[in-house]
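# Chains, contacts and geometry: an overview
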Amino acid sequence: MIENVVVKVNPDRKFEFPPEITDKLRVGDEYKVLVTEGEIVLRKVEKPLVDLDEFFNSLDQMDPDPNHLSLQEISDVVKEMRRERRSNQ
């Protein structure tokens, strides 16, 4: 962990971070900025591994599976398996 690094605000009012900090930044990362009376804190926004809205949207756009069993077909398979199991006991 990097501690006690001093950064300056340049004339454009932007922070000038040293390389040991900028090397840890990745394009697209987002940070929450917490501002109090005496400090400014950056906290990385942790994104979920999967965007559920995007995932469910992609599922809705998929064509139905032609091999997908109906509820009736599933029920018939379960009944048949139960019959076979009972007859083997």
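Please read these numbers as outputs of a predicted model, since none were measured by experiment. (Residues numbered from 1 in each chain as written. Predicted model: local features only at pLDDT ≥ 70, side-chain atom pairs only at ≥ 80, totals over all residues. Heavy atoms only, no water.)

### A word on the overall build of the protein chain
Summing up its helical and strand segments, the protein chain has 3 helices and 4 strands in all. The secondary structure elements of the protein chain, listed N-terminal to C-terminal, are β-β-α-β-β-α-α. For the protein chain, the C-alpha radius of gyration of 28 Å lies well beyond 12 Å, the compact-globule estimate for 89 residues. Counting only C-alpha atoms and orienting by the principal axes, one finds that the protein chain spans roughly 80 × 35 × 25 Å. A buried classification covers 2% of the 89 residues belonging to the protein chain. Considering only intrachain contacts with a sequence separation of at least 6, the fraction spanning at least 24 residues in the protein chain is 5%. By element, 53% of the accessible surface of the protein chain is carried by carbon and sulfur atoms, the whole surface being about 9200 Å². (Helix = DSSP H or I, 4+ residues; strand = E, 2+ residues; numbered from the N terminus. Rg over C-alpha atoms; globule rule 2.2 N^0.38 Å. Buried < 20%, exposed > 50% of the residue type's maximum accessible area, 1.4 Å probe, protein only. Contact = heavy atoms within 4.5 Å. Areas by Shrake-Rupley, 256 points an atom, 1.4 Å probe, with all protein chains shown as cover.)

### Some words on the environment of L34
With respect to the secondary-structure elements, L34 resides in strand β3 (residues 31-35). Overall, the relative accessible area of 34% leaves L34 in the partly exposed class. Sequence-distant contacts of L34, that is, excluding residues within four places in its chain, are made with E39, I40, V41 and R43.

### Considerations on a nonpolar patch on the surface
A cluster of nonpolar side chains, namely V9, F15, F17, L25, Y31, V33, V35, I40 and L42, defines an oily patch on the protein surface of about 820 Å² accessible area. Residue assignment for the nonpolar patch shows that the elements contributing at least two residues are β3 and β4 (40-44). Sorting elements by how many residues they give to the nonpolar patch places β3 first, with 3 residues. By the element assignment, F15 lies in strand β2 (residues 15-16). Take F15: its relative accessible area is 41%, and that puts it in the partly exposed class. (Patch = residues over 30% accessible without salt bridge, like charges linked within 9 Å, V, L, I, M, F, W, Y side chains within 5 Å. Salt bridge = Lys/Arg side-chain N within 4 Å of Asp/Glu carboxyl O.)

### Re the confidence of the model for the protein chain
Fine structural detail should not be taken from predicted coordinates in areas where pLDDT scores are low. Across the protein chain, the average pLDDT comes to 91, with 100% of residues at 70 or higher. For the protein chain, the element scoring lowest by mean pLDDT is helix α2 (residues 52-61), at 89; β3 scores highest, at 96. (pLDDT = per-residue confidence, 0-100.)

### Re the environment of V5
In this structure, V5 sits in the segment before β1 (8-9). Using a relative accessible area of 30% as the deciding quantity, one classes V5 as partly exposed. Between the C-alpha atoms of V5 and E20, which are 15 residues apart in sequence, the distance is 9.3 Å.

### Regarding unusual backbone geometry
One non-glycine residue, N4, lies in positive phi territory at about 55°. Inspection of the secondary structure puts N4 in the segment before β1. For N4, a relative accessible area of 79% gives the class exposed. Located in the positive-phi region is R13, a residue other than glycine, with phi close to 65°. Turning to its location among the elements, R13 is positioned in the loop between β1 and β2. Judged by relative accessible area, which is 76%, R13 ranks as exposed.

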